Amino acid sequence: MNTSISQHLFEKAQNFIPGGVNSPVRAFRAVGGSPIFIKSAKGPYVYDEDGNEYIELINSWGPMILGHAHELIQKAVSDAIQHSFSFGAPTRREVEIAELIVSMVPSIEKVRMVNSGTEATMSAIRVARGFTGRDKIIKFEGCYHGHGDSFLIAAGSGAATFGTPDSPGVTRGVANDTLTAPFNDLGAVQQLVDANKNHIAALILEPVVGNMGCVLPKEGFLEGLRKICDEEGIVLILDEVMTGFRLAKGGAQERFGVTPDLTTLGKIIGGGMPVGAYGGKAEIMNWVSPAGPVYQAGTLSGNPIAMAAGLTMLNYLNDHPEVYTQLESSGAKLAAGFRASQEKLGLNYTLNQIGSMYTLFFTNQQVTDFPSAKTSDLILFGKYFHAMLNRGIYMGPSQFESMFLSTALTDEHLNKIIEANEDSLKEILSL
Ligand SMILES: *Cc1c(COP(=O)(O)O)cnc(C)c1O
């Protein structure tokens with residue numbers, strides 16, 4: 001595989017951009033080698049600058065749930081740009097998308113659009129603090145909620161990969177207000193709550209984690225958190241930036257039957273444009289300015305082009321429940337294929353999968369939290385990643401990432417992934 005143009009671009013990029021990339025995981029540091037530079041993508045395929053074709057498993061970390069450059073979204077965006085790109089004033093589509101989100105995610109009564117998942121979680125925490133009059137928050141080790149200061153404590157994928165769980169530049173004051181517990185450990189949460197009575201504003205988590213690799217909540221975990229939050233007057237925030245509109249039309253909260261007070265959204269909600277949103281109980285959201293005293297604003301928030309893309313995406317998902325049926329069966333088919341290969345090769349690596357999200361962990365231990373995810377053999381993962389890439393499969397370049405399937409993947413593509421997986425395992429383990 002020739003990647004000389006990508007390599008050249010990366011060398012040049014490092015002169016002008018910190019580390020050569022605009023988001024750390026893209027630099028391939030966790031897997032070694034040099035990143036491929038993407039030129040275009042269509043349906044299930046991405047193409048790099050050297051003309052190589054790959055089957056997509058990143059899908060922009062989730063937004064491309066219908067595959068790349070879907071015609072309906074392309075058309076919505078090209079229609080919208082005829083009317084200019086930004087007004088900084090209210091528009092009809094903002095009302096339509098808010099109404100649609102409220103109808104698709106029952107726990108959301110009011111919603112505010114922002115420009116990224118990071119903004120959504122930062123804002124949700126601020127509202128929770130304003131609403132409760134408390135300062136501290138609880139998050140879980142390995143959960144990522146964007147790069148807001150409060151969340152760069154035991155923050156999963158990016159931070160995990162680079163071994164800097166606490167980023168320089170985050171003040172001790174901020175860090176002191178963030179308490180962390182192991183994922184799936186209700187007892188630890190109860191202890192934190194007991195030790196900080198009436199000081200905890202919010203508890204935030206990814207209901208299914210994507211950012212330490214794919215990790216599922218144990219039975220009773222989400223319900224238990226809901227109960228603790230109810231007892232202690234803590235705002236329960238489900239960060240569904242990854243899982244929203246992916247694990248079900250109404251997100252993981254629909255799938256697991258748990259009702260949060262606030263929800264944060266991003267990724268799919270913009271159809272590939274930069275968008276985030278936070279919403280929830282009207283009683284809490286009415287604290288947001290100008291309805292209430294908690295300030296939050298954005299020059300480009302509700303951007304008309306982004307709203308056109310997002311509205312078209314959400315309308316499509318709302319009108320096509322078969323999307324979720326297909327994603328379920330694609331995920332199940334892939335998992336079955338991976339398991340069959342492992343059995344054939346006498347391997348027992350942990351595969352976590354739910355719907356269209358999965359991670360193959362290079363460990364034989366069950367992965368239920370960050371410490372167990374970290375028992376994975378990262379060197380082996382790096383080899384596996386490159387073996388897959390050489391076979392035309394474009395995966396997230398870190399053990400601590402989830403893959404994201406799209407509806408553009410047919411059985412034929414899934415079979416290719418299964419075959420590439422088996423061949424890659426054989427190659428890296430010399431089987
Ligand atoms: C991606 C992600 C974020 C951050 O969203 P950005 O748009 O990258 O700022 C927050 N929370 C979760 C769960 C995410 O996966």
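Since the structure is predicted, the reported quantities are computational estimates derived from the model, not experimental observations.

Engineer: Mind showing me how you'd approach the domain arrangement of the chain here?
Structural biologist: The extent of an interface is frequently quoted as the accessible surface area lost upon association of the parts. Its domain assignment divides the chain into domain 1 (4-69 + 321-429) and domain 2 (71-319). For domain 1 and domain 2, the distance between their C-alpha centroids amounts to 25 Å. Contact with domain 1, which involves 38 residues of that partner, is made by 40 residues of domain 2. Here domain 1 and domain 2 share an interface that buries about 3100 Å² over both sides, 67% of which is from carbon and sulfur atoms. On the domain 1 side of the interface with domain 2, the three residues burying the most area are Y324, I354 and F370, jointly 22% of the side's total. At the surface where domain 1 touches domain 2, the tally comes to two salt bridges. The tally of links between domain 1 and domain 2 comes to 12 residue pairs in polar contact (both at pLDDT 80 or more). Contributions of two or more residues to the side of domain 1 that touches domain 2 are made by α12 (322-345), β11 (350-354), β12 (357-361) and α13 (370-373). A per-class count over the side of domain 1 that touches domain 2 returns 23 nonpolar, 10 polar and five charged.

Engineer: Before we go on, may I ask you to explain the UniProt feature "modified residue: N6-(pyridoxal phosphate)lysine" (unreviewed entry) in the chain in this structure?
Structural biologist: With numbering matched to this structure, UniProt assigns "modified residue: N6-(pyridoxal phosphate)lysine" (unreviewed entry) to K267. Sequence-distant contacts of K267, defined by excluding residues within four places in its chain, comprise W61, P63, V241, M242, G272 and V275.

Engineer: What's the story with helix α14 (residues 378-390) in this structure? I'm lost.
Structural biologist: The periodicity of an α-helix, 3.6 residues per turn, causes residues three or four places apart in sequence to face the same way. Its 13 residues place the ends of α14 18 Å apart at the C-alpha level, agreeing with the 18 Å of an ideal helix rising 1.5 Å per residue. What α14 keeps buried is the set L380, F381, G382, Y384, F385, A387, M388 and L389. Among the structural elements, β3 (53-56), α12, β12, β13 (393-394) and α15 (411-429) are those in contact with the buried residues of α14. G392 lies just past α14 and shows a positive phi near 80°.

Engineer: In this structure, what is going on with the confidence of the model for the chain? I would like to understand it.
Structural biologist: Should the pLDDT be low somewhere, the predicted coordinates at that spot are not to be read in detail. Looking at the chain as a whole, its pLDDT mean stands at 96, while 97% of the residues score no less than 70. The low-confidence segment residues 161-165 (pLDDT under 50) makes 11 contacts with residues lying over four places distant or belonging to another chain.

Engineer: Would you mind showing me how to read the nonpolar core here?
Structural biologist: Side chains of a nonpolar character, in soluble globular proteins, are inclined to be buried together. Ranked by internal contacts, the top residues of the largest apolar core, which has 47 residues, are L57, Y358, F362, Y384, M395 and I417. Per element, the largest residue contribution to this core is seven residues, and it comes from α14. Apart from residues lying up to four places away in sequence, L57 is in contact with Y358, I393, Y394, M395, M403, F404, L405, L409 and I417.

Engineer: Would you mind showing me how to read the pairing of β12 here?
Structural biologist: It is a general feature of regular strands that their side chains alternate between the two faces of the sheet. Counting buried positions along β12 gives five out of five residues, so the element sits mostly inside the fold. Burial along β12 is two-sided: the face carrying M357, T359 and F361 and the face carrying Y358 and L360 are both buried. Sheet analysis places β11 next to β12, joined by five bridges and oriented antiparallel. Bridge pairing in β12 places N352 opposite T359. Relative to strand β14 (residues 403-404), β12 runs antiparallel, the two being bridged by two bridges. Opposite M357, over in β14, you have F404 as the bridge partner.

Rules used in this analysis
Residues numbered from 1 in each chain as written. Predicted model: local features only at pLDDT ≥ 70, side-chain atom pairs only at ≥ 80, totals over all residues. Heavy atoms only, no water. Domains from an automatic or database assignment. Contact = heavy atoms within 4.5 Å. Buried area = accessible area lost by both parts, 1.4 Å probe. Salt bridge = Lys/Arg side-chain N within 4 Å of Asp/Glu carboxyl O. Polar contact = N/O pair within 3.5 Å; in protein donor to acceptor, adjacent residues only side chain to side chain. Helix = DSSP H or I, 4+ residues; strand = E, 2+ residues; numbered from the N terminus. Nonpolar A, V, L, I, M, F, W, Y, C, P; charged D, E, K, R; others polar. UniProt positions renumbered as here; feature names shortened; annotations may be inferred. Expected span 1.5 Å × (residues − 1). Buried < 20%, exposed > 50% of the residue type's maximum accessible area, 1.4 Å probe, protein only. pLDDT = per-residue confidence, 0-100. Core = buried A, V, L, I, M, F, W, Y, C linked by side-chain atoms within 4.5 Å. Pairing = 2+ DSSP bridges.

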